[in-house]
Structure formats: structure tokens, C-alpha cells
Amino acid sequence: MEDCRTRYPLLLVHGLNCRDDWIFSYWGPLTDHLRARGAAVYLSGQDAWGSVPGNARALLRRAEDILAETGAEKLNLIAHSKGGLEARYLISSLGFAEKTASLTTICTPHRGSKAAAEWLARERVCRLIGPALEGFWRARGDQEPDFQAAVSALTPEAMARFNQENPDNPLVYYQSWAARLDRPVWDPMDRVQLWITKADGPTDGLVSPDSAVWGNYRGALECVSHQDAVGGRRRKRPGFDAKEFYIRLVQELAEFGF
């Protein structure tokens, strides 16, 4: 079956606190499912805790390698969470627009995350957690882990500046999805929402649907957490099947001529 064969290769861009070469796959079995249906799928390989500009530069190197390997003129970027910001920086600040056919962002805090601001306000906790996370991921391949820079970039104030400095490029098709935990479920992200973002309304645990809107907004995945939106935890949610969601997403890109 070749119904996921797109004109341009797919580059999946992960978010915070994971690496593509980590034992637990960020995207779960999705890459295998898509490849089995004809898609040319590549992983991004940036740091788990790198800054947005630093990770975008790593993303640029990876993207150029893929273009050289495949002979393709452009890529389709599919990005989750902070990875969507790194993809936007790649396109707008690093001049990759002419080589980007589309950018799909999922649960990306385009207008910031109140949870990030709340974390930074807990300075004592950050002083403990930050160095521990940096050390953990540096030992597993991170080149420039920077907890403070990574989290600070996700606040609403930082994202207001980011959006001014990284406007959309008309050469690129932008689309987005959000997720929302709109009723009580047992999920670590649900507990984060209750603890940190009580005043933020229903979110996916970290990012509100309003913040995730960018370009052609396709809607919110209901009763789906920030982590489950990528299917890496291989859990089934009522009304949401990560495998079917991403297969349909890629089929649409193929239908659009991307």
C-alpha cells in the first residue's frame, strides 16, 4: 500500500525531554506504520533540552543531509510541542522556507505556555531539576542542553517576541492541531494541569488549544494529553487513534501535492 507516499519526504520533529535515539521512541510505532504505507520518513535528532535557536541549527544540518541523500527539493515538517517552534525558526530565521513544502504543528505553544512560566517561578525547583536533566541528557548525546533557555522560550512573553521575529513565509503551507483534556482522566499531564495551570482552563496538560492555533487550524484532539498526541506511549484514547490520525494527516499532504 502506497497511500502515504508524499511528493516530498517527511521530517518528524520531536519536542522536549526526549531524543530520537533514546530507548523509548518519541513517536512510538508511527514511523514504521507510515513507511509501510509508502512514506519517506526521517527523524530530526536535535537535543532533548537544547535552546530553540540551537536546536533549529541542528535541524538545519539534518534537513540539508536529508535533501542531499534523497535528491528532494523540499521537505514536509511534522512537529510536536517545542519542535514546532524550532521548525518555525528554521523556516523564518535560518532561511529554509524555499526548501519547506509544509509545516504541521501539534500541541505547539505558539503563544506560550502558562505552565512554563509557572515552572520558572519555582526557582528552587528549577535549580534542582535543571542541572539534573541537563546532565542526564548530556550523557545520552545532547550537545548543548540548557534547561533555563528551553523553558524560558516557552513563556507567553517570550513567544510574543518570537512571533514578531519569526513571521510565516508565504512559500510554506502551515497547519496545526491542539489537544485538550476536557474531562478527568488518569494521566500525568492531567495532574500537571490541575497542579500548575488551574486558571488556564482545559489544556493538554501543558499547552492550551488557543496557544496551539497556527496557520490553518484543524481543531483540538479531545481527551488527549500532550504526550499521547504523538502516540509514543502506545496508549489508546476513546475517540483517538494516533496511528490513524497520522496516516490521515500524511494522506492529506499527499492529496495536497506536498
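Structural notes on the packing of aromatic side chains
Then comes step 1: Tallied over the entire structure, the rule returns 13 aromatic pairs.
Then comes step 2: Each ring, one from Trp22 and one from Phe24, has its centre 5.8 Å from the other, and the planes form 65°; the classification is edge-to-face.
Then comes step 3: According to the relative accessible area criterion, Trp22 is partly exposed, its value standing at 24%.
Then comes step 4: We classify Phe24 as exposed; its relative accessible area is 56%.
Then comes step 5: Aromatic side chains Phe256 and Phe258 sit 6.2 Å apart centroid to centroid with 80° between the ring planes, which places their arrangement in the edge-to-face category.
Then comes step 6: Residue class for Phe256 comes out partly exposed when judged on its relative accessible area of 43%.
Then comes step 7: Here the aromatic residues Tyr26, Trp27, Trp177, Phe240, Phe245 and Tyr246 are joined through ring pairs into a cluster of three or more.
Then comes step 8: One Lys or Arg, Arg88, reaches over the ring of Trp214 and ends 3.8 Å from the middle of that ring.
Then comes step 9: Taking the ring centre of Phe136 as reference, the NZ or CZ of Arg140 above it sits at 3.7 Å.

Looking at the nonpolar core
Then comes step 1: In terms of nonpolar packing, the biggest core is built from 30 residues, with Ile78, Ile106, Leu221, Phe245, Tyr246 and Leu249 touching the most fellow members.
Then comes step 2: When residues of this core are assigned to their parent elements, the largest contribution, seven residues, is made by helix α10 (residues 242–255).
Then comes step 3: Those residues in contact with Leu221 that sit more than four places away from it in its chain are Trp177, Ala178, Ala179, Arg180, Ala229, Phe240 and Phe245.
Then comes step 4: Within the second largest apolar cluster, 20 residues are counted, among which are Leu11, Leu59, Phe96 and Tyr174.

Side note on the sheet that holds strand β5 (residues 173–180)
Then comes step 1: Read across the open sheet, the six strands follow the order β2-β1-β3-β4-β5-β6; overall the sheet is parallel. The strands lining the two open edges of the sheet, one partner per strand, are β2 (41–43) and β6 (216–222). Averaged over all adjacent pairs, the angle separating strand axes in this sheet is 20°, with direction ignored.
Then comes step 2: Pairing of strand β4 (residues 100–106) with β5, which is carried by five bridges, proceeds in the parallel orientation. Bridge pairing links Thr104 to Gln175 in β5.
Then comes step 3: Set on the sheet, helix α3 (residues 82–92) makes contact with β1 (10–13), β3 (75–80), β4 and β5; between it and β3 the angle comes to about 145°.
Then comes step 4: On top of the sheet, α10 reaches β1, β3, β4, β5 and β6; it is set at about 155° to β4, its chief contact.

Quick word on the packing of α3 against helix α7 (residues 156–165)
Then comes step 1: Across the interface, α3 lies against α7 with an axial gap of 10 Å and an inter-helix angle of 30°. Of the possible angle classes, the one that applies to α3 and α7 is roughly parallel. α3 and α7 meet at a crossing whose hand is left-handed. Contacts between α3 and α7 involve Leu85, Arg88 and Tyr89 from the former and Met159, Phe162 and Asn163 from the latter.
Then comes step 2: Looking at side-chain class alone, the contact of α3 with α7 contains four nonpolar, one polar and one charged residues.

Calculation notes
In this numbering scheme, every chain counts its residues from 1 along its sequence in written order. A pLDDT threshold of at least 70 governs which residues receive local features in this predicted model, and a stricter bar of 80 or more applies before side-chain atom pairs are shown or counted, although totals over entire chains, interfaces and linings include all residues. To get the side-chain values, all heavy atoms of the structure are used, and hydrogens and water are removed first. Any Phe, Tyr or Trp ring, taking Trp's six-membered ring, that has another such ring centre within 6.5 Å forms a pair; planes under 30 degrees apart are called stacked, those over 60 apart edge-to-face, and the others tilted. The buried label applies to any residue whose accessible area, calculated with a 1.4 Å probe on protein chains only, is under 20% of its type's maximum; exposed applies above 50%, and partly exposed to all values in between. We call a charge positioned over a ring when the NZ of a Lys or the CZ of an Arg lies within 6 Å of the ring centre and within 35 degrees of the ring normal. What we call a nonpolar core is a set of buried Ala, Val, Leu, Ile, Met, Phe, Trp, Tyr and Cys residues that are connected through their side-chain atoms within 4.5 Å. A run of H or I in DSSP counts as a helix once it spans at least four residues, and a run of E counts as a strand once it spans at least two, with each numbered from the N terminus. Contacts are assigned to residue pairs with any non-hydrogen atoms lying within 4.5 Å of each other. Strand pairing requires that DSSP identify at least two bridges connecting the strands. Note on definitions: angles span 0 to 180 degrees between N-to-C directions of axes, and those axes are lines fitted to C-alpha atoms, for helices only across the stretch in contact. Here is the rule for angles: anything less than 35 degrees is roughly parallel, anything more than 145 is roughly antiparallel, 65 through 115 is roughly perpendicular, and the remaining ranges are oblique. Throughout, a crossing is termed right-handed when the near helix is turned clockwise from the far one, and left-handed when it is turned anticlockwise from it by less than a right angle. Gly is put with the polar residues, along with every residue not named as nonpolar or charged; the nonpolar set is Ala, Val, Leu, Ile, Met, Phe, Trp, Tyr, Cys and Pro, and the charged set is Asp, Glu, Lys and Arg.

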